[in-house]
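Observations on the three-dimensional arrangement
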Amino acid sequence: MPEKKWTEMTPQEKREQRFKWWLEADGINFVNADAKKAYKQRVQRMIDVYNVKEPDRVPCSLMIGALPAYLYGTDYYTCSYDYDKAVKAWDNFNKDFLDADSLSSPGTVVPAKIYDLLDYRLYKYPGHGLPKTATGIQFVEGEYMKAEEYDALILNPSDFWMRKYMPRIFGAFESWTTLSPFTNIIEAPAMYFMPYAMGEVQNSLKTLINVGNELLKYVQVIGEFSRKTLEQGYPAARGGFAKAPFDVIGDTLRGTSGIISDMFRRPDKLLEAIDVVTKLMIESVITSVNTSKGLSAMFPLHKGADGWMSEKQFDTFYWPSLKKVINAFIDEGILVTLFAEGSYETRLESVNEFPKGAVNWLFDRTDMAKAKKVLGDKCCIAGNVPTSLMATGTPDAVKKYCKKLIDTCAKGGGYILAGGAQVDNGKPENVRAMLDTAKEYGVYKK
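Residues numbered from 1 in each chain as written. Predicted model: local features only at pLDDT ≥ 70, side-chain atom pairs only at ≥ 80, totals over all residues. Heavy atoms only, no water.

**Some thoughts on the layout of surface pockets**
Estimated volume of the second largest pocket: approximately 200 Å³. Lining of the second largest pocket is provided by 13 residues; of these, Val87, Asp91, Phe225, Lys228 and Gln232 occupy positions nearest its centre. Elements that contribute at least two residues to the lining of the second largest pocket include exactly helix H5 (83-96) and helix H9 (199-231). (1 Å grid on protein atoms, 1.4 Å probe; cavity = no way out; pocket = protein on both sides within 12 Å on 5 of 7 lines; lining within 4 Å. Points joined across faces, edges and corners; volume = space filled by probe spheres on them. Helix = DSSP H or I, 4+ residues; strand = E, 2+ residues; numbered from the N terminus.)

**What to know about the sheet that holds strand E6 (residues 296-301)**
In a beta sheet, neighbouring strands pair by backbone hydrogen bonds and run either parallel or antiparallel. Taken together, the seven strands give an open sheet; going across it, the order is E1-E10-E9-E8-E7-E6-E5, and neighbouring strands pair in parallel fashion. Strands with a single pairing partner mark the edges of an open sheet, and in this sheet they are strand E1 (60-61) and strand E5 (239-241). Where E1 lies against strand E10 (residues 415-419), two bridges are found, and the strand directions are parallel. Each bridged residue has a counterpart across the sheet, and for cysteine 60 the counterpart in E10 is leucine 417. Most of the contacts of helix H14 (residues 368-375) go to strand E9 (residues 380-385), to which it runs at about 175 degrees, and overall it touches strand E8 (359-363), E9 and E10. Sitting on the sheet, helix H16 (residues 395-409) touches E9 and E10, and the angle it makes with E9 is about 155 degrees. (Pairing = 2+ DSSP bridges. Contact = heavy atoms within 4.5 Å. Axes fitted to C-alpha atoms, helices over the stretch in contact; angles between N-to-C directions.)

**Remarks on the pairing of strand E7 (residues 335-340)**
Across the six residues that make up E7, a large majority, six, are buried. Here E7 shows two buried faces, one formed by Leu335, Thr337 and Phe339 and the other by Val336, Leu338 and Ala340. As paired elements, E6 and E7 share six bridges and run parallel to each other. Across the sheet, the residue bridging to proline 300 is phenylalanine 339, located in E7. For the handedness criterion, the β-α-β arrangement of E6, helix H13 (residues 311-331) and E7 is classed as right-handed. Direction of pairing for E7 relative to E8: parallel, over a ladder of five bridges. Across the sheet, the residue bridging to threonine 337 is asparagine 360, located in E8. (Buried < 20%, exposed > 50% of the residue type's maximum accessible area, 1.4 Å probe, protein only. Right-handed = clockwise from strand over helix to strand, strands pointing away.)

**Digging into the nonpolar core**
The biggest cluster of nonpolar side chains holds 116 residues, and the ones touching the most others in it are Phe299 and Trp361. Dropping the residues within four chain positions of it, phenylalanine 299 is found in contact with Ala242, Lys243, Ala244, Leu322, Val325, Ile326, Phe329, Val336, Thr337, Leu338 and Phe339. Counting 21 residues, the second-largest nonpolar core is a separate cluster that includes Trp22, Ile47, Val49 and Leu295. (Core = buried A, V, L, I, M, F, W, Y, C linked by side-chain atoms within 4.5 Å.)

**So, the packing of helix H10 (residues 245-252) against helix H11 (residues 255-265)**
Their axes nearest at 6 Å, the elements H10 and H11 cross at an angle of 125 degrees. The pairing of H10 with H11 is recorded here as oblique in orientation. Contacts from Phe246, Ile249, Gly250 and Asp251 in H10 reach Gly255, Thr256, Ile259 and Met263 in H11. (Parallel < 35°, antiparallel > 145°, perpendicular 65-115°, else oblique.)

**What to know about unusual backbone geometry**
In this model, glycine 383 is joined to asparagine 384 through a cis peptide bond whose omega is -15 degrees. In this fold, asparagine 384 is placed in strand E9. Phi at valine 52 takes a positive value of approximately 60 degrees, unusual for a residue other than glycine. You can see valine 52 is positioned in the loop between helix H2 (33-50) and E1.

**Re the pattern of salt bridges**
Per the counting criterion, the structure on display carries 26 salt bridges. Residues lysine 243 and aspartate 251 are paired through a salt bridge, measuring 2.7 Å at the closest nitrogen-oxygen approach. Exposure class is identical for lysine 243 and aspartate 251. Each is buried. One salt bridge connects lysine 303 with aspartate 251, and the closest N-O pair in it is separated by 2.6 Å. In this pair, lysine 303 sits in the loop between E6 and H13 while aspartate 251 sits in helix H10, placing the two residues 52 residues apart along the sequence. The same class applies to lysine 303 as to aspartate 251, namely buried. (Salt bridge = Lys/Arg side-chain N within 4 Å of Asp/Glu carboxyl O.)

**Looking at the packing of aromatic side chains**
Using the criterion set out here, one finds 27 aromatic pairs in the structure. The interplanar angle of 55 degrees and the centroid separation of 6.0 Å between the aromatic rings of tyrosine 115 and tyrosine 123 together place this pair among those described as tilted. Exposure remark for tyrosine 123: the relative accessible area of 24% places this residue in the partly exposed category. Of the aromatic side chains, those joined through ring pairs into one cluster are Tyr115, Tyr120, Tyr123, Tyr125, Phe170, Phe173 and Trp176. Over the face of the ring belonging to tyrosine 83 we find lysine 113, whose NZ or CZ atom lies 5.7 Å from the ring centre. (Phe/Tyr/Trp six-rings, centres within 6.5 Å; stacked < 30°, edge-to-face > 60°. Lys NZ or Arg CZ within 6 Å of the ring centre and 35° of its normal.)

**Here we look at the sheet that holds strand E4 (residues 138-139)**
Read from one edge to the other, the open sheet built from three strands follows the order E3-E2-E4, with strand pairing classed as mixed. Strand pairing shows two members of the sheet lacking a second neighbour, strand E3 (129-130) and E4, which therefore form its edges. Pairing of strand E2 (residues 123-126) with E3, which is carried by two bridges, proceeds in the parallel orientation. In the strand pairing of E3, proline 126 is matched with leucine 130.

Scope: geometric values only; no functional claims are made or implied.
What follows is the structure, encoded as structure tokens:
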């Protein structure tokens, strides 16, 4: 019987096909038979847990951030500019933790040369707005879209992005405010391109070429690292990055104070813009994940956390559009990962709307017993080992906390022992304690 076409598959069948692609590992030249066997064992463990089944043992996600840089004689600043030194530090870390479920990648460190070329203004990072001794990045809150610009965003989001938004967040593209919309080209287009005669615009185009060349260097080094990691038997699931539509507007367009004001002063316009962003998010992420035969889409959830807005506001502004994006991904067989930063305890009852195995949650500070009770029958859940414990606690304290999490969440499967957030500076003995607890205490008895 011929195989079904992709468009004929159910969402469950599409997700199973994505798991199959991940497990079969086509194109990976494993270093030996043991590496291939270990790869398949690790992937199957994750497939089982995502499907809310009991695997052989509880998997562990270390979420170590930039910790390898500091453990092996360098720092975030150096690794963000010197890709080879970053790879060397992460190689050393991975050699010390070869029994992990997956190996860590220096791809979590921003490629600072590229951000410098762009004069990127949404982040501060070591050497660019932060001291070189800083251990990570900071987001720069701002009003990058004016309240009166909602109509421009809604009418033509691509044009708004190019000629309004990008000149504000990239210093390299300030001159793009002088450009005309591409939709102005109808016939006889020669004079349309007059702005490209300006020195500032030509310099911005040269910057794009320099960015492309630097990006090729970065991708080559990090890509080679990733290839070797896979060949040694450590899986990495290809996927995409997504955001709640409300967070797109509230984080990087209007800013926190701006979007709070908009919920009261222009709610209809805000909802109309959210609908536009929702459609863009669905199209861009599905295209990206499908191009790579990827598995998942990761959402960091920001402004929907406990205490940020009322239940009525959550049900009006935040959840409907996010649910629409999630359902579109589920229909395409994409596994959805929701990183609930902060606490999500008051939201749990209202977000348990999806088919079993379609969505998994990573919790930062949410009560895991409550999360298991409300979501555990349908969703894989992960978290919430505190960053403070990993950074300053003792191995015994880490083991005690992790054992309690396993006792609370592991029964019936569908639990990943994970940090509540990344650890950029901490103790390697605590990383070892967390990993050992999963391996020794998290074994399921068959």
